[in-house]
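Single-letter residue listing:
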Amino acid sequence: MTSKHQISTLFLTIFFFLILGCCFASPRKSIRSRRPCKEMVFYFHDIVYNGKNFKNATAAIVGAPAWGNHTILANNNHFGNLVVFDDPITLDNNLHSPPVGRAQGFYIYDKKEIFTAWLGFSFVFNSTAHRGSINFAGADPLMNKTRDISVIGGTGDFFMTRGVATIMTDSFEGEVYFRLRVDIKLYECW
Amino acid sequence: MTSKHQISTLFLTIFFFLILGCCFASPRKSIRSRRPCKEMVFYFHDIVYNGKNFKNATAAIVGAPAWGNHTILANNNHFGNLVVFDDPITLDNNLHSPPVGRAQGFYIYDKKEIFTAWLGFSFVFNSTAHRGSINFAGADPLMNKTRDISVIGGTGDFFMTRGVATIMTDSFEGEVYFRLRVDIKLYECW
Amino acid sequence: MTSKHQISTLFLTIFFFLILGCCFASPRKSIRSRRPCKEMVFYFHDIVYNGKNFKNATAAIVGAPAWGNHTILANNNHFGNLVVFDDPITLDNNLHSPPVGRAQGFYIYDKKEIFTAWLGFSFVFNSTAHRGSINFAGADPLMNKTRDISVIGGTGDFFMTRGVATIMTDSFEGEVYFRLRVDIKLYECW
């Protein structure tokens with residue numbers, strides 16, 4: 001009898017940990033882990049067309065306020081300038097490193113008093129390392145050292161992903177070239 | 001013996017409810033609750049630049065169809081006008097209440113026959129009450145009393161959130177000022 | 001005694017399968033099924049305003065690079081053209097079929113060297129078949145036979161949905177008309 005009860009107790013203990021495991025492996029939405037399932041760092045390089053650099057330009061002003069034009073970024077912190085871009089993505093901060101993908105989309109300066117922008121863009125990969133796209137959207141208060149935007153979806157290798165990307169201005173040269181560092185943290189990986 | 005069995009039965013009963021709790025605490029995607037994990041109501045105020053109100057303007061026309069310009073909203077229900085904005089967010093419907101954040105992004109009138117728009121914007125908070133951003137996107141058939149758009153992501157206090165926002169035009173004064181009431185219901189809270 | 005233990009063993013067996021069921025009914029994010037919870041196919045039809053077709057046009061150029069205008073799509077693969085649209089959605093590839101909804105939003109050509117675009121738009125339904133909206137965003141490398149964009153949210157019948165949409169250019173006539181086939185696969189259905 002005793003041995004049978006010991007076995008019974010052993011089973012109960014095992015079940016207890018199974019149940020615990022079961023509950024913690026499937027947390028409620030509200031207590032989901034903030035540990036990323038994937039982390040990546042990239043740089044991208046934006047060269048805005050200024051009337052003289054067509055060959056090298058990767059971006060162009062395509063919208064402007066009443067007081068602006070499409071060759072020079074407007075007064076009042078570029079408020080109202082819409083810029084479309086197709087920028088090379090690199091693994092380090094060197095513009096001339098082999099690109100691993102393209103950052104494609106737009107930004108729009110949205111405040112008179114200081115520099116801020118709103119971003120909608122994708123990272124498009126088509127190499128052996130990554131195939132597919134990551135889609136981003138969010139506010140970019142670009143005078144802050146770091147700012148967070150949303151990863152709103154993905155395709156291919158990044159199927160259905162979601163997460164947060166932290167953007168840093170890594171270099172800023174006049175009004176023609178800037179380089180952003182993007183730390184991508186994905187929290188939903190399918 | 002009997003008391004041991006009673007204990008054993010007690011344990012089994014406890015486990016039974018633990019298991020039940022475990023199962024119901026982690027529902028399948030398909031039966032997820034439609035009860036919001038967070039609800040908030042805000043107002044934001046849009047003053048479109050019209051050539052004479054630069055000081056007060058919070059928004060500017062930056063795109064227009066061939067038949068339009070960047071100072072006056074175009075004929076044909078403003079079809080083709082792209083407007084960028086940095087609007088104050090308030091807790092009540094008073095433009096002069098202390099702003100609790102900024103609504104930043106753009107809208108674009110997208111139909112010839114009636115007023116409709118497409119919105120991409122963020123609520124940016126940086127106060128003791130809220131720190132972080134909520135990102136929105138969606139169609140705004142603005143002649144409807146209420147219309148729903150998507151909360152597509154968030155950062156900071158609103159890390160990884162998703163939900164639905166119901167927009168109401170709370171005031172509309174000529175073509176220069178309007179006020180939107182936004183009822184935000186978040187269904188994913190991390 | 002023996003019969004009591006048999007009952008006890010029976011209970012333990014039942015619990016074992018309950019626990020297993022519990023665990024598998026709530027899979028971790030990382031092993032979520034790639035089987036769609038909903039699939040739909042639609043077509044939409046885009047007629048770009050060219051200065052002569054106002055009555056039929058469903059889209060208009062509203063942004064252009066310094067070398068462009070708002071009546072003719074720009075040189076260099078339309079790089080920099082922003083187009084806003086309100087296109088009819090049909091169930092088959094016939095422009096004159098009864099529309100089941102409207103595709104509303106914008107695309108922006110974003111590369112000098114080849115045709116690529118970035119899309120932000122919604123499918124807006126208001127019929128007995130579907131009521132609500134589906135919101136899309138993503139890169140459209142439109143020279144590829146198929147390309148995937150993200151379903152970033154939804155409202156009404158498509159409350160809180162997420163998924164992937166595969167776009168195909170079904171027809172392309174000069175620079176005025178094109179038709180896209182959209183295969184929508186939703187993987188999150190609430």
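Quantities reported herein were computed from a predicted structural model and do not represent experimental measurements.

## A look at the overall build of chain A
Step number 1: Helix and strand counts for chain A stand at one helix and nine strands.
Step number 2: Going residue by residue from the N terminus, the α and β elements of chain A occur as α-β-β-β-β-β-β-β-β-β.
Step number 3: Every one of the 190 residues in chain A was classed for burial, and the buried ones make up 56%.
Step number 4: When the accessible area of chain A is evaluated, it comes to approximately 8100 Å², of which 58% is carbon and sulfur surface.

## Some thoughts on the state of the cysteines
Residues and elements named next belong to chain A.
Step number 1: Using the criterion set out here, one finds three disulfides over all chains in the structure.
Step number 2: A sulfur-sulfur separation of 1.9 Å characterises the disulfide bridge that pairs Cys-37 with Cys-189. Disulfide Cys-37 to Cys-189: torsion about the S-S bond roughly 85°, handedness right-handed. Placement of the pair is Cys-37 in the loop between helix H1 (2–25) and strand E1 (38–47) and Cys-189 in the segment after strand E9 (177–188), with a sequence separation of 152 residues.
Step number 3: Owing to a relative accessible area of 42%, Cys-37 belongs among the partly exposed residues under this scheme.
Step number 4: With relative accessibility at 19%, the residue Cys-189 sits in the buried group.

## Overview of the nonpolar core
Most often, soluble globular proteins have nonpolar side chains that are buried together.
Step number 1: Judged by nonpolar contacts, the single largest core of 39 residues is most densely connected at A:Phe106, A:Ile108, B:Phe106, B:Ile108, C:Phe106 and C:Ile108.
Step number 2: Leave out the neighbours within four places in its chain, and B:Phe106 touches A:Phe106, A:Ile108, A:Trp118, B:Leu82, B:Val83, B:Val84, B:Phe85, B:Trp118, B:Leu119, B:Gly120, B:Phe121 and C:Phe106.

## A look at the pairing of strand E2 (residues 59–63) of chain C
All names here are of chain C.
Step number 1: Most of E2 sits inside the fold, with five of its five residues counted as buried.
Step number 2: Pairing analysis gives four bridges linking E2 to strand E3 (residues 82–90), with the strands arranged antiparallel. Bridging from a neighbouring strand, Ile-61 pairs with Val-83 of E3.

## What about the packing of aromatic side chains?
Step number 1: Counting across every chain of the model gives 75 aromatic pairs over all chains.
Step number 2: The interplanar angle of 10° and the centroid separation of 4.6 Å between the aromatic rings of A:Phe121 and A:Phe136 together place this pair among those described as stacked. Placement of the pair is A:Phe121 in strand E5 (residues 117–126) and A:Phe136 in strand E6 (residues 131–140), with a sequence separation of 15 residues. Like A:Phe121, the residue A:Phe136 is buried in the burial classification.
Step number 3: Measuring from centroid to centroid gives 5.3 Å for C:Phe42 and C:Phe125, while their planes differ by 40°, and the two rings are tilted. Highlighted residues: C:Phe42 in strand E1 (residues 38–47) and C:Phe125 in strand E5 (residues 117–126), separated in sequence by 83 residues. For the residue pair C:Phe42 and C:Phe125, the accessibility class agrees, reading buried in each case.
Step number 4: Members of the aromatic cluster, joined through ring pairs, are A:Phe42, A:Phe44, A:Phe85, A:Tyr107, A:Tyr109, A:Phe115, A:Phe121, A:Phe123, A:Phe125, A:Phe136, A:Phe158 and A:Phe178.
Step number 5: Against the face of B:Phe54 rests A:Lys112, its NZ or CZ located 4.9 Å from the ring centre.

## Points about the pairing of strand E9 (residues 177–188) of chain B
Residue and element names in this part refer to chain B.
Step number 1: Most of E9 is tucked away: 10 of the 12 residues are buried.
Step number 2: In this sheet, E9 lies alongside strand E1 (residues 38–47) in antiparallel orientation, the contact comprising 10 bridges. Among the inter-strand pairings, Ile-47 is bridged to a residue of E9, identified as Tyr-177.
Step number 3: Across 11 bridges, the pairing between strand E8 (residues 162–173) and E9 is antiparallel. Across the sheet, residue Ala-165 finds its bridge partner in E9, namely Ile-184.

## A few points about unusual backbone geometry
Step number 1: Backbone geometry at A:Met160 places phi at a positive 65°, although glycine is not the residue there.
Step number 2: Overall, the relative accessible area of 1% leaves A:Met160 in the buried class.
Step number 3: Positive phi, close to 60°, is recorded for B:Asn77, a residue that is not glycine.
Step number 4: Position of B:Asn77 relative to the elements: it lies in the loop between strand E2 (59–63) and strand E3 (82–90).

## Quick notes on the confidence of the model for chain A
All names here are of chain A.
Step number 1: Chain-level pLDDT for chain A is 89 on average; 83% of the residues reach the 70-or-more range.
Step number 2: Predicted confidence for residues 22–30 stays below pLDDT 50, and this span has 19 contacts to residues more than four positions away or in other chains.
Step number 3: Listed scores for the predicted complex are pTM 0.86 and ipTM 0.84.

## Digging into the side chain of A:Arg179
All names here are of chain A.
Step number 1: Checked against the element boundaries, Arg-179 lands in strand E9.
Step number 2: A residue is classified by how much of its surface remains accessible, and Arg-179, at 12% relative accessible area, is buried.
Step number 3: Here Asn-93 takes part through its backbone oxygen, which lies 3.1 Å from a polar atom of the side chain of Arg-179.
Step number 4: A polar contact is formed between the side chain of Arg-179 and the side chain of Tyr-177, at a distance of 3.3 Å.
Step number 5: Not counting residues within four places of it along the chain, the set of residues in contact with Arg-179 comprises Tyr-43, Phe-44, His-45, Asn-93, Met-168, Thr-169, Asp-170 and Ser-171.

## Structural notes on the environment of B:Ala60
Step number 1: Position of B:Ala60 among the secondary structure elements: in strand E2.
Step number 2: It is 9.9 Å that separates the C-alpha atoms of B:Ala60 and B:Ile72, two residues lying 12 residues apart in sequence.
Step number 3: In this structure, B:Ala60 is in contact with A:Trp67, A:Phe79, B:Tyr49, B:Leu82, B:Val83 and B:Val84, ignoring residues within four places of it in sequence.

## Focus on the pattern of salt bridges
Step number 1: Tallied over the entire structure, the rule returns 25 salt bridges over all chains.
Step number 2: Between A:Asp183 and A:Arg181 there is a salt bridge, with its nearest N and O atoms 2.8 Å apart.
Step number 3: Among the ionic contacts, a cluster of salt bridges with common partners joins A:Arg162, A:Glu188, B:Arg162 and B:Glu188.

## Focus on the environment of C:Pro98
All names here are of chain C.
Step number 1: Note on placement: Pro-98 falls in the loop between E3 and strand E4 (101–109).
Step number 2: Between the alpha carbons of Pro-98 and Asp-86 there is a distance of 15 Å; along the sequence they are 12 residues apart.
Step number 3: Discounting chain neighbours no more than four positions away, the residues touching Pro-98 are Ile-89 and Thr-90.

## Some details on the side chain of B:Lys112
Step number 1: Among the structural elements, B:Lys112 can be located in the loop between strand E4 (101–109) and strand E5 (117–126).
Step number 2: A polar contact of 2.9 Å, which involves the side chain of B:Lys112, links it to the backbone oxygen of C:Ala57.
Step number 3: Ignoring any residue separated from it by four or fewer positions in sequence, one finds B:Lys112 in contact with B:Asn76, B:Asn77, B:Phe79, C:Phe54, C:Lys55, C:Asn56 and C:Ala57.

## With respect to the environment of A:Asn76
Step number 1: Mapped onto the secondary structure, A:Asn76 falls in the loop between strand E2 (59–63) and strand E3 (82–90).
Step number 2: Judged by relative accessible area, A:Asn76 falls into the partly exposed class, the value being 29%.
Step number 3: It is 5.1 Å that separates the C-alpha atoms of A:Asn76 and A:Lys112, two residues lying 36 residues apart in sequence.
Step number 4: Other than its neighbours up to four places away in sequence, A:Asn76 contacts A:Trp67, A:Lys111, A:Lys112 and B:Phe54.

Rules used in this analysis
Residues numbered from 1 in each chain as written. Chains lettered and ligands numbered in written order. Predicted model: local features only at pLDDT ≥ 70, side-chain atom pairs only at ≥ 80, totals over all residues. Heavy atoms only, no water. Helix = DSSP H or I, 4+ residues; strand = E, 2+ residues; numbered from the N terminus. Buried < 20%, exposed > 50% of the residue type's maximum accessible area, 1.4 Å probe, protein only. Areas by Shrake-Rupley, 256 points an atom, 1.4 Å probe, with all protein chains shown as cover. Disulfide = S-S within 2.5 Å. Core = buried A, V, L, I, M, F, W, Y, C linked by side-chain atoms within 4.5 Å. Contact = heavy atoms within 4.5 Å. Pairing = 2+ DSSP bridges. Phe/Tyr/Trp six-rings, centres within 6.5 Å; stacked < 30°, edge-to-face > 60°. Lys NZ or Arg CZ within 6 Å of the ring centre and 35° of its normal. pLDDT = per-residue confidence, 0-100. Polar contact = N/O pair within 3.5 Å; in protein donor to acceptor, adjacent residues only side chain to side chain. Salt bridge = Lys/Arg side-chain N within 4 Å of Asp/Glu carboxyl O.

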